[in-house]
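# A structural walkthrough
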Amino acid sequence: MDESHTQQEVRRGLKNRHIQMIALGGAIGTGLFYGSATVVKMAGPAITLSYLVGGIVIFFIMRALGEMSVAHPVSGSFSQYAYQYWGELPGFISGWNYWFNYVVVGMAELSVIGTYINYWIPDIPTWLSALVCLVVVTLINVINVKAYGEFEFWFAIIKVLAIIGMIVFGVAMIFFGIGNAGQPVGLSNLWAHGGFFPMGLYGVVMSLVLVMFSFGGVELVGITAGEAENPEKTIPQAINQVVWRILLFYVGAMIVILAIFPWNAIETTGSPFVQIFSHVGIPSAAHLLNFVVLTAALSAYNSALYSNGRMLYGLAKQGNAPKLLGKLNKAGAPVNAVLVSTAFTLIVVLISYLDPAKVFLYFMALATISIIINWATILLVQLKFRKHHQQTNEPILFKMPLYPLASYFALAFLVLVVGIMALMPEMRYSLYIAPVWLLGLYFAYKLKAK
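Sequence order as written defines the numbering, with residues in each chain counted from 1. With the structure being a predicted model, the display of local features is reserved for residues of pLDDT at least 70 and the display and counting of side-chain atom pairs for 80 or more, all residues being used for whole-chain, interface and lining totals. Note: side-chain values were computed over all heavy atoms of the structure, leaving out hydrogens and water.

## Thoughts on the overall build of the protein
Helix numbering and strand numbering both begin at the N terminus, where a helix is a DSSP run of H or I of at least 4 residues and a strand a DSSP run of E of at least 2. In terms of regular secondary structure, the protein is built from 19 helices and zero strands. Each of the 450 residues in the protein was classed as buried or not, and the buried ones make up 57%. Contacts between residues were defined by any pair of non-hydrogen atoms, one from each residue, lying within 4.5 Å. Here the analysis covers contacts within the protein between residues at least 6 apart in sequence; of these, 82% occur between residues at least 24 apart. Per element, the accessible surface of the protein, about 17800 Å² overall, is 70% carbon and sulfur. When accessible area is computed with a 1.4 Å probe and restricted to protein chains, residues below 20% of their type maximum are described as buried, those above 50% as exposed, and intermediate ones as partly exposed. For accessible areas, the Shrake-Rupley method is used with a probe of radius 1.4 Å. Any residue's cover is judged against the shown protein chains and nothing else.

## Things to note about unusual backbone geometry
Look at the link from Tyr403 to Pro404: it is a cis peptide, with omega at 0 degrees. You can see Pro404 is positioned in the loop between helix H17 (356-392) and helix H18 (405-423). Phi is positive for Asn393, which is not a glycine, with a value near 60 degrees. Secondary-structure assignment places Asn393 in the loop between H17 and H18. On the basis of relative accessible area, Asn393 is assigned to the exposed category, the value being 66%. Even without a glycine there, the phi angle at Leu402 is positive, about 60 degrees. Mapped onto the secondary structure, Leu402 falls in the loop between H17 and H18.

## So, the packing of aromatic side chains
The geometry of an aromatic ring pair is captured by the separation of the ring centres together with the interplanar angle, meaning the angle of the planes. Two aromatic rings from Phe, Tyr or Trp, using only the six-membered ring of Trp, form a pair when their centres are within 6.5 Å; if the ring planes differ by under 30 degrees the pair is stacked, by over 60 it is edge-to-face, and anything between is tilted. Applying the stated criterion across every chain yields a total of 15 aromatic pairs. Seen in terms of ring centroids, Phe196 and Phe197 are 5.3 Å apart; in terms of plane orientation they differ by 80 degrees. Their pairing is edge-to-face. On the accessibility criterion, Phe196 (29% relative accessible area) is partly exposed. Members of the aromatic cluster, each reached through a chain of ring pairs, are Phe92, Trp96, Trp99, Phe344 and Tyr445. Taking NZ or CZ as reference, Arg386 lies 4.1 Å from the ring centre of Tyr403, over its face. Here, over-ring charges are defined by two tests on the NZ atom of lysine or the CZ atom of arginine: distance to the ring centre within 6 Å, and angle to the ring normal within 35 degrees.

## A few points about H18
Working rule for helices: expected span equals 1.5 Å times residues minus one. When the terminal C-alpha atoms of H18 are compared, their 27 Å separation across 19 residues agrees well with the 27 Å that a helix rising 1.5 Å per residue should span. Turning to H18, its buried residues number three or more, namely Ala406, Ser407, Ala410, Leu411, Phe413, Leu414, Val417, Ile420 and Met421.

## Quick word on the nonpolar core
Note on terminology: a nonpolar core comprises buried Ala, Val, Leu, Ile, Met, Phe, Trp, Tyr and Cys residues joined through side-chain atoms within 4.5 Å. Within the largest apolar cluster, 132 residues are counted, with the highest numbers of intra-cluster contacts made by Ile47, Tyr51, Ile58, Ile61, Phe215 and Trp375. Residues within four places of Ile58 in sequence aside, it is in contact with Met212, Phe215, Val218, Val242, Ile246 and Trp375.

## Here's the deal with the side chain of Asn101
Inspection of the secondary structure assignment puts Asn101 in helix H7 (residues 88-120). Looking at Asn101, the relative accessible area reads 1%, which means it is buried. Not counting residues within four places of it along the chain, the set of residues in contact with Asn101 comprises Ala367, Ser370, Ile371 and Asn374.

## Brief notes about the environment of Ala343
Counting through the fold element by element, Ala343 comes out in helix H16 (residues 335-354). The partly exposed category is assigned to Ala343, whose relative accessible area is 36%. Along the chain, Ala343 and Leu134 lie 209 residues apart, while their C-alpha atoms are 9.7 Å from each other.

## Notes on the packing of H7 against helix H8 (residues 126-143)
Interhelical geometry of H7 versus H8 gives an angle of 115 degrees and a closest axis separation of 8 Å. At the point where H7 passes H8, the crossing takes the right-handed sense. Along the contact surface, H7 presents Leu110, Ile113, Gly114, Thr115, Ile117 and Asn118, while H8 presents Thr126, Ser129, Ala130, Cys133 and Leu134. Any residue outside Ala, Val, Leu, Ile, Met, Phe, Trp, Tyr, Cys, Pro, Asp, Glu, Lys and Arg is labelled polar, Gly included; the first ten of those are nonpolar and the last four are charged. Tallied by class, residues from the contact of H7 with H8 come to six nonpolar, five polar and no charged. For every element, the axis is a line fit to its C-alpha atoms; helices are fit only across the contacting stretch, and the angle between N-to-C directions ranges from 0 to 180 degrees. Two helices crossing with the near one rotated counterclockwise from the far one by less than a right angle form a left-handed crossing, whereas a clockwise rotation gives a right-handed crossing.

Take a look at the structure:
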């Protein structure tokens, strides 16, 4: 694979502010806005430790990816690195696994958009809302990369401001009693209802699965390397800031929520953020939150389609996908790869309507294990990348800290997460599907080779 050829073709239209916000948008999403309530029930206030530990592991995974992204800023990201440093089969499997994972993620985000629209306009069919959003986001992705960057920049800002606003209001309530009749709430709720570890260490360990899934998408910043104007500068900046973002947005937000509300009083059916804004007494809180969650879903689908288009483009350049998918339009966007990804997303959405109870669950189970496979691939390829550079004495501009201990620690942690999944009935069947999926990709590769 001639990586310089790829670099000459895709347009470097993503500026530093785009890369920063894409990395930030990848780190926060519906997992924080809606999924955090379920996780709180598993561990209580100690969930903040789960997010902290998960954030450290994510930082190591991101630094492993960043090390390779700065050395080789190409479209296709870690599939390209797997292809280059591990072999054709790992490159084929990792690329198609990542693509399918984000088709499923895109399907999930698209399927809930109609529900959010119905909050304001109940008469519009959910499939129509999903279809309109699919068309609009597809058009954004085929115009040029700068259009995608602008869209993601502003939508990420909305998410960020919503969380910062919630934290500011929460802190004001905790220490100054604003929104609570002038009576400071204090921090006692963090330990007053069964202690800081109400579910014991077991609850913290079990919560790690859902915590890690909520971080899915942070690796998107590696995909942007091929279209960053100055990847040597912007990629390291974005990756280094992932940790403090996780500290602020996940740990900080959860501390504020759990200080204001007793952890055992938070309802799992809604968003803790809704409860915060309602408690503060903002009349338009529900509408504001609905708008924020809608933009978060659109942002997630936009990112999923962007990454899928680039991954298919990279696979086509490797010879692991039809050559037609390696074609770019005049603006430098992989239009065919984006349109094919859109078509598959649409098919999966239609299938989910036919039998939503079963089909959706099976696809989501596959998506969860796919995230683990993606991250493990990044770490394994980074080890091979380092071995190659040690043999050739090539300089590494953005070194991963604590190598190789950090790489092995993160890999061991991912193995632990898979082990925890085996103990959870709602997650266990994804472990049966994963080997079948990987075997299917292996046979597809062999068929392609013939």
